[in-house]
Amino acid sequence: MERRTAIVTGGNRGLGFEICRQLAGQGIQTILTARNPHQGREAAERLQGEGLDVLFHPLDITDSQQIQELMAHLSSRLGRLDILINNAGIYLDRHRPALSIAPDLIARAIQTDVCSTFALCQAAIPIMRTHQYGRIVNLSSRTSRMEQMNNAGLTYKISKAALNVITVVLSREVATENILINAVNPGWVKTDMGGKDATRSPKEGAEGPVWLATLPDGGPTGCFFNGRDRQSW
Ligand code: NAP
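Please read all numbers here as calculations on a predicted model, not as lab measurements. (Residues numbered from 1 in each chain as written. Predicted model: local features only at pLDDT ≥ 70, side-chain atom pairs only at ≥ 80, totals over all residues. Heavy atoms only, no water.)

**Q** Go over the pattern of salt bridges, please, and point to the residues and values.
**A** Pairing between side chains of opposite charge can happen when their charged atoms approach one another. This structure, assessed with the given rule, holds 12 salt bridges. Of the charged contacts in the structure, one is a salt bridge between Glu18 and Arg21, with a shortest N-O distance of 2.7 Å. Taken together, the residues Glu18 and Arg21, both in helix 1 (residues 14-25) and 3 residues apart, mark about one turn of the helix. Residue Glu177 is joined to Arg129 by a salt bridge in which the shortest nitrogen-to-oxygen separation is 2.8 Å. Separated by 48 residues along the polypeptide, Glu177 in the loop between helix 5 (154-173) and strand 6 (179-185) and Arg129 in helix 4 (residues 103-130) bring together distant segments of the chain. Here the residues in one salt-bridge network are Glu2, Arg4, Arg80 and Asp82, joined through shared partners. (Salt bridge = Lys/Arg side-chain N within 4 Å of Asp/Glu carboxyl O. Helix = DSSP H or I, 4+ residues; strand = E, 2+ residues; numbered from the N terminus.)

In structure tokens form, the structure reads like this:
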């Protein structure tokens, strides 16, 4: 089996950084991407310092030209892409009540969490198709589930729920091509987004996404996981 190659978005800190560490720890060639080149390079160098094969590539996921450049780079230099972890995300309205937010905040959240993530899937799948192997993991959230709705964090709920829809629809489009696409809630994780009171470490939070990124052929697709546990949408 040829060595697998993975792209992780938002790899400079938080869950993305730890996901890079765990993927590379399994011998997967890992491309840590970040929108801030200085922070991204520094993060990759930290992991290289741990003896891990992690390369840096700049990527603001909202920049379609950068997405095309990254995929062209992968195709020409490495010749393959096996794993895409759509980790980068924003939480614009935090715990603010729904009626207090400006409507265009919803559009901003959707631009990053939904449109850009979809654009990345659209760019990655043709490369995965060439070798009939792909694993796409979309970082979703517990709060995207209809039974978890309350009155706060409307933009986040909308964008993660839309990401769930993309997960299901795309998984069906590639169902016969050994490309498995799943959404995962990493749990409440101690990161800048999760805050210091969160109950899980980045190491624990990364385990579900990394497990989904390394599913065997014939594994689940178009599903929502809480860590490793499959849940209803
Ligand atoms: P975080 O600490 O806030 O990190 C977010 C990452 O996304 C950063 O690397 C950030 O880059 C990057 N990012 C944001 N917009 C970007 C863009 N346009 N292009 C490229 N990168 C961009 O968040 P986290 O806690 O690690 O969360 C990672 C994922 O897990 C998110 O999708 C989040 O919604 C999800 N999640 C987290 C929790 C939790 O409890 N932490 C729970 C459920 C789901 P910069 O450093 O440049 O801002």
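**Q** Explain the environment of Thr30 to me, using residue names and the numbers behind them.
**A** Its location among the elements puts Thr30 in strand 2 (residues 29-34). Residue Thr30 is classed as buried on the basis of its relative accessible area, which comes to 0%. Taking the C-alpha atoms as reference, Thr30 lies 6.3 Å from Leu55; in sequence the two are 25 residues apart. Other than its neighbours up to four places away in sequence, Thr30 contacts Ala6, Val8, Cys20, Leu23, Ala24, Asp53, Val54 and Leu55. (Buried < 20%, exposed > 50% of the residue type's maximum accessible area, 1.4 Å probe, protein only. Contact = heavy atoms within 4.5 Å.)

**Q** Can you break down the sheet that holds strand 1 (residues 5-8) residue by residue, with the values?
**A** Reading across the sheet, the 8 strands line up as 3-2-1-4-5-6-7-8 and stay open at both edges, with mixed pairing between neighbours. The strands lining the two open edges of the sheet, one partner per strand, are strand 3 (54-58) and strand 8 (229-231). Pairwise comparison of adjacent strand axes, ignoring direction, gives a mean angle of 25 degrees for this sheet. In this sheet, strand 8 lies alongside strand 7 (residues 224-226) in antiparallel orientation, the contact comprising 3 bridges. The residue of strand 8 that forms the bridge with Asn226 is Asp229. Taken strand by strand, helix 5 contacts strand 5 (134-139), strand 6 and strand 7, and its axis lies near 160 degrees from that of strand 6. (Pairing = 2+ DSSP bridges. Axes fitted to C-alpha atoms, helices over the stretch in contact; angles between N-to-C directions.)

**Q** Could you give an account of the site of the ligand, with specific residues and numbers?
**A** Around the ligand there are 28 residues in total, and Asn12, Arg13, Asn87, Tyr156 and Thr191 lie nearest to it. In the environment of the ligand, an oxygen atom lies 2.4 Å from a nitrogen or oxygen atom belonging to the side chain of Thr191. A total of 900 Å² of accessible area belongs to the ligand in isolation, and the protein chains cover 94% of it. The pocket occupied by the ligand, as judged from atoms lying within 2 Å of grid points, is the largest pocket. Elements that contribute at least two residues to the shell around the ligand include exactly helix 1 and helix 5. Within the shell around the ligand, the residues separate by chemical class into 11 nonpolar, 12 polar and 5 charged. (Near = heavy atom within 4 Å. Polar contact = N/O pair within 3.5 Å; in protein donor to acceptor, adjacent residues only side chain to side chain. Areas by Shrake-Rupley, 256 points an atom, 1.4 Å probe, with all protein chains shown as cover. 1 Å grid on protein atoms, 1.4 Å probe; cavity = no way out; pocket = protein on both sides within 12 Å on 5 of 7 lines; lining within 4 Å. Sits in = over half its atoms within 2 Å of the grid points. Nonpolar A, V, L, I, M, F, W, Y, C, P; charged D, E, K, R; others polar.)

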